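Architecture and fold: a report
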Amino acid sequence: MVDYFNLDELISEEHKIIRNSAKEWVNRRVKPVIDEYSHRHEYPEHLMKEMGELGFLGPFILEEYGGSGLDMISYGIIMQELEAGDSSIRSSASVQSSLVMYPIYYFGTEEQKRKYLPKLASGEFVGCFGLTEPNHGSDPGGMECKLTKQGGNYILNGAKMWITNSPIADIAIVWAKDDEGIIKGIIVEKDFKGFSAPEISKKWSLRASLTGELVFDNVIVPEENILPGIKGLKGPMMCLNSARYGIAWGAIGAAIDCYSSALEYSLQRKQFNVPIASFQFQQKKLAEMLTEITKAQLLAWRLGVLKNEDKASPGQISMAKRNNVKMALDIARESRQMLGAMGITGDFPMMRHMMNLESVITYEGTHDIHLLITGMDITGISAFK
Ligand code: TGC
Ligand code: FAD
């Protein structure tokens, strides 16, 4: 455990138990296989049910709906440990928890909650979240997906792009505009006629995660599949607040995995008859990495406290996501260099984390979009449009 500022004194015994359980599972079930899955560009689907059994899916959802009723620091800690294994595994867990279970829990009817949440919590069902479209990524408010009222039902048309887990999803939370141009949330089930989810292949990033499209060709959606509790862009944005928060923690896990591997290697590898860790350049890299990890840990922990008090603002979440993911990407690059040629192999995790983090710095709002959100918070002026 990397804890230079004794942050463990700020978390509870329960948090430590949760961390140990997630760490132990990742070390036993993820780390030994993830490099091979990444090489094969294959998703380790069996891990979803195991995460469900361990309570890693929707941990903040109440127990009566299959969750564990845990606080937001616990959620962050789980994301951190999962991403120490691989961003693909954290991605699956954060999409399921924050982008699928969260909207059903907060915006859904009692029937929707009882129908979907327990199956999503156990990993029996896989969910995905469709906001991004081919023509609208950073600008989701411009979405073209259309939900048209027809008798007692709705007809859904359009397409979503870059959707984590869409090819294997049992349900998709889809955001589309109704006849009045108001954004609504819809639960689309995989066997709805006219719905397909082709995979996007040939990725160099998140290779152990499935990414796909969502295509809607006159899909008939019953009224009971509309989320009644929300309208407008703030619906998907509230889900993103939760997911981005989890990423701020998750990125620390990837950074710690890279830093720890580089530290261990530098103490063992000898050049000029001494461990390379004795050279000032290597020590500078290690010292700077630990400094940045510590700052990121403090940011994540404080954001977690604010989240628990329901006081974390979107601007604070953007700052933490942006800072911590960039920190992890920089550490992946620096730590890889510390290993020389060995750093490019799958015997060490840096290259894989580095490639994964190129997606993490892009999805859930790009690095630059989060900067603009902070800029807007400071000045009160939107620089988006
Ligand atoms: P703007 O005019 O600023 O806002 C429109 C409405 O939305 C509300 N809002 C928020 N509400 C809650 N939380 C937030 N963070 C919110 N941000 C905006 C806002 O109050 C307003 O509400 P109302 O009631 O007044 O209408 O919106 P804009 O059109 O200027 O766009 C700005 C914004 C914030 C959408 C844009 O900056 C942005 O964030 N773009 C990034 C898009 C994004 O993050 N997409 C993510 C797709 S999902 C994904 O990537 C999953 S990856 C999963 C994985 O594998 O882990
Ligand atoms: P664009 O919006 O086209 O941006 C291109 C560039 O322009 C970026 O550098 C951006 O920062 C910059 N830019 C855009 N607007 C501005 C501006 N106003 N000012 C300054 N610069 C600007 N989406 C989902 O809905 N669900 C998912 O599950 C999901 N999973 C994903 C998984 C992966 C592996 C990836 C890579 C993406 C995923 N996404 C998902 C999509 C992701 O959220 C988008 O890629 C992201 O929001 C950026 O949109 P874009 O790719 O269309 O880039």
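Residues numbered from 1 in each chain as written. Chains lettered and ligands numbered in written order. Predicted model: local features only at pLDDT ≥ 70, side-chain atom pairs only at ≥ 80, totals over all residues. Heavy atoms only, no water.

It is worth spelling out the overall build of the chain at this point. Scanning the chain for helices and strands turns up 10 helices and 9 strands. Relative to a compact globule of 385 residues, whose C-alpha radius of gyration would be 21 Å, the chain shows 21 Å and is just as compact. In terms of overall dimensions, the chain has a C-alpha envelope of 80 × 45 × 40 Å along the principal axes. Every one of the 385 residues in the chain was classed for burial, and the buried ones make up 56%. By sequence separation, contacts in the chain at least 24 residues apart represent 74% of the contacts at least 6 residues apart. Put simply, the chain shows about 16800 Å² of open surface, and 54% of that area lies on carbon and sulfur atoms. The positive charge centre, built from 41 side chains, and the negative charge centre, built from 48, are 4 Å apart in the chain. (Helix = DSSP H or I, 4+ residues; strand = E, 2+ residues; numbered from the N terminus. Rg over C-alpha atoms; globule rule 2.2 N^0.38 Å. Buried < 20%, exposed > 50% of the residue type's maximum accessible area, 1.4 Å probe, protein only. Contact = heavy atoms within 4.5 Å. Areas by Shrake-Rupley, 256 points an atom, 1.4 Å probe, with all protein chains shown as cover. Lys, Arg positive; Asp, Glu negative; His and termini not counted. Charge placed at Lys NZ, Arg CZ, Asp CG, Glu CD.)

The next subject is the pattern of salt bridges. Counting across every chain of the model gives 23 salt bridges. Where R114 meets E110, a salt bridge forms, and the shortest distance between an N and an O atom there is 2.9 Å. Taken together, the residues R114 and E110, both in helix 5 (residues 110–122) and 4 residues apart, mark about one turn of the helix. Using a relative accessible area of 34% as the deciding quantity, one classes E110 as partly exposed. Taking the shortest distance from any N to any O, the salt bridge between K160 and E133 comes out at 2.9 Å. (Salt bridge = Lys/Arg side-chain N within 4 Å of Asp/Glu carboxyl O.)

Together, Y4, F5 and L298 make up an exposed nonpolar region whose accessible area comes to about 340 Å². As for its position among the elements, F5 is in the segment before helix 1 (13–40). According to the relative accessible area criterion, F5 is exposed, its value standing at 52%. (Patch = residues over 30% accessible without salt bridge, like charges linked within 9 Å, V, L, I, M, F, W, Y side chains within 5 Å.)

For H41, which is not glycine, the phi torsion reads 55° and is therefore positive. Among the secondary structure elements, H41 is positioned in the loop between helix 1 and helix 2 (46–53). On the basis of relative accessible area, H41 is assigned to the buried category, the value being 18%. One non-glycine residue, L206, lies in the positive phi region at around 50°. Among the structural elements, L206 can be located in the loop between strand 6 (195–196) and strand 7 (211–222). Look at L206 and you get buried, because its relative accessible area is 4%.

Attention shifts here to the site of ligand 2. Taken together, 18 residues sit near ligand 2, with F129, T132, S138, W162 and T366 positioned nearest. Note that a nitrogen atom of ligand 2 is positioned 2.7 Å from one of the side-chain N or O atoms of T132. The contact in question runs from an oxygen atom of ligand 2 to an N or O atom on the side chain of T366, over 2.7 Å. For ligand 2, the accessible surface in isolation is 980 Å², of which the surrounding protein chains cover 67%. For the shell around ligand 2, the secondary-structure elements that each account for two or more residues are strand 3 (153–164) and helix 10 (367–379). Among the residues forming the shell around ligand 2, the class breakdown is 9 nonpolar, 7 polar and 2 charged. When residues of the shell around ligand 2 are assigned to domains, at least three fall in each of domain 2 (128–225) and domain 3 (234–379). (Near = heavy atom within 4 Å. Polar contact = N/O pair within 3.5 Å; in protein donor to acceptor, adjacent residues only side chain to side chain. Nonpolar A, V, L, I, M, F, W, Y, C, P; charged D, E, K, R; others polar. Domains from an automatic or database assignment.)

Working definition of a disulfide: a covalent bond connecting the sulfur atoms of two cysteines. Scanning all chains against the criterion turns up 0 disulfides. The thiol of C128 is unpaired, and the distance to the nearest cysteine sulfur, on C145, comes to 12 Å. Taking relative accessible area as the criterion, C128 reaches 0% and is therefore assigned buried. Judged by its relative accessible area of 1%, C145 is buried. (Disulfide = S-S within 2.5 Å.)

This next bit is on the nonpolar core. Within the largest apolar cluster, 100 residues are counted, with the highest numbers of intra-cluster contacts made by W25, M51, L82, I104, W175 and I293. Broken down by element, the residue count for this core peaks at 16 residues, all from helix 6 (residues 234–268). Residues contacting L82, with those up to four places away along its chain left out, are W25, V26, M51, F56, I89, R90 and A93. In terms of nonpolar packing, the next biggest core, distinct from the first, is built from 19 residues, L147, F192, F195 and I226 among them. (Core = buried A, V, L, I, M, F, W, Y, C linked by side-chain atoms within 4.5 Å.)

Moving on to the domain arrangement of the chain. Considered domain by domain, the chain is made up of domain 1 (7–126), domain 2 (128–225) and domain 3 (234–379). Centre-to-centre separation of domain 1 and domain 3, based on C-alpha positions: 20 Å. At the interface, 28 residues of domain 1 touch 32 residues of domain 3. Of the roughly 2400 Å² buried between domain 1 and domain 3 on both sides combined, carbon and sulfur atoms contribute 62%. Here domain 1 is connected to domain 3 by 2 salt bridges. Inspection of the region where domain 1 meets domain 3 yields 10 residue pairs in polar contact (both at pLDDT 80 or more). Looking at the side of domain 1 that touches domain 3, the elements that each hand over two or more residues are helix 1, helix 3 (72–85) and helix 4 (87–107). (Buried area = accessible area lost by both parts, 1.4 Å probe.)

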